[in-house]
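Here's the letter readout for the chains.
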Amino acid sequence: MNDRDPELFEAELRKLAPARPPAELMSRLAAVRPAPAPVFPQPSTRNPQLPGLALLRWLGLAAAGAAVAAALLVWWPFRPENRQPSRPLVPAAEPALKADDVEIDQQLVAAFDAVARLPDGQPIRFRCREWADAVVLTDTARGLVIEQRTPRLEVVPVSFETY
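Below, the structure is looked at part by part. (Residues numbered from 1 in each chain as written. Predicted model: local features only at pLDDT ≥ 70, side-chain atom pairs only at ≥ 80, totals over all residues. Heavy atoms only, no water.)

Attention shifts here to the overall build of the protein chain. A tally of regular secondary structure across the protein chain gives 3 helices and 3 strands. Along the chain direction, N to C, the helices and strands of the protein chain fall in the order α-α-α-β-β-β. Across the 163 residues in the protein chain, those meeting the buried criterion constitute 6%. When contacts within the protein chain are restricted to residue pairs at least 6 apart in sequence, those whose partners lie at least 24 apart make up 48%. Of the roughly 15500 Å² of accessible surface on the protein chain, 62% is carried by carbon and sulfur atoms. (Helix = DSSP H or I, 4+ residues; strand = E, 2+ residues; numbered from the N terminus. Buried < 20%, exposed > 50% of the residue type's maximum accessible area, 1.4 Å probe, protein only. Contact = heavy atoms within 4.5 Å. Areas by Shrake-Rupley, 256 points an atom, 1.4 Å probe, with all protein chains shown as cover.)

Written as structure tokens, this is what we have:
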């Protein structure tokens, strides 16, 4: 059968008529066949007693839409984006300070090394530097001098070399 053409084999199968099943099998199948499910009438979506109900639904939806539109018309002018900006409390006619001369200074106050131990017991060295940063602004027209000094600590870990 392997050497035959599959199309010829299919043509021969089409010519054959299927055999009738045994009568005993058909009677057993008929005995266990479930009873047909009862068919209940589907309730109608339309209510014949109230023909104007659909009209009332549409009127309710239209009234809700009109209420939303009215609420938007009332709320729209009072939104925060539509409010007029208030006048500033202090008019900014001219700046309070016009710095003619600006000086920035960094001064090294102290430098030292420190040694500490990590949680695992290994020593580590730190190089520490204390700085004093200063900014001086001068307004010669008004005779103002503003000076600000800020301390700063710089800590840099350095590898601890052991031989």
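What follows covers the pattern of salt bridges. Throughout the structure, instances matching the rule amount to 6 salt bridges. The closest approach of N and O atoms between Arg127 and Asp113, which form a salt bridge, is 3.5 Å. One end of the pair, Arg127, is in strand 2 (residues 123-139); the other, Asp113, is in strand 1 (residues 101-117), with 14 residues separating them in the sequence. The exposure class assigned to Arg127 is partly exposed, which follows from its relative accessible area of 34%. Overall, the relative accessible area of 44% leaves Asp113 in the partly exposed class. Among the salt bridges present, the one from Glu154 reaches Arg129, with a minimum N-O distance of 3.6 Å. Separated by 25 residues along the polypeptide, Glu154 in strand 3 (residues 144-158) and Arg129 in strand 2 bring together distant segments of the chain. (Salt bridge = Lys/Arg side-chain N within 4 Å of Asp/Glu carboxyl O.)

On to the environment of Ala96, then. By the secondary structure assignment, Ala96 is in the loop between helix 3 (53-75) and strand 1. The spacing of Ala96 and Arg142 is 46 residues in sequence and 9.9 Å in space, taken between C-alpha atoms.

Here the focus is the pairing of strand 2. Across 16 bridges, the pairing between strand 1 and strand 2 is antiparallel. Following the sheet pairing, Leu108 is matched in strand 2 by Trp131. Counted along the chain from strand 1 to the antiparallel partner strand 2, the turn is 5 residues long, and its residue Gly121 has a positive phi close to 95°. Here strand 2 pairs with strand 3 via 15 bridges, running antiparallel. Paired with Phe126 across the bridge in strand 3 is Pro157. Where strand 2 hands over to strand 3, the hairpin turn is made up of 4 residues, of which Gly143 adopts a positive phi near 75°. (Pairing = 2+ DSSP bridges.)

Time to look at the side chain of Asp139. With respect to the secondary-structure elements, Asp139 resides in strand 2. Reaching out from Asp139, the side chain makes a polar contact with the backbone nitrogen of Ala141 at a distance of 3.4 Å. Apart from the residues within four sequence positions on either side, Asp139 is in contact with Leu97, Lys98, Asp100 and Leu144. (Polar contact = N/O pair within 3.5 Å; in protein donor to acceptor, adjacent residues only side chain to side chain.)

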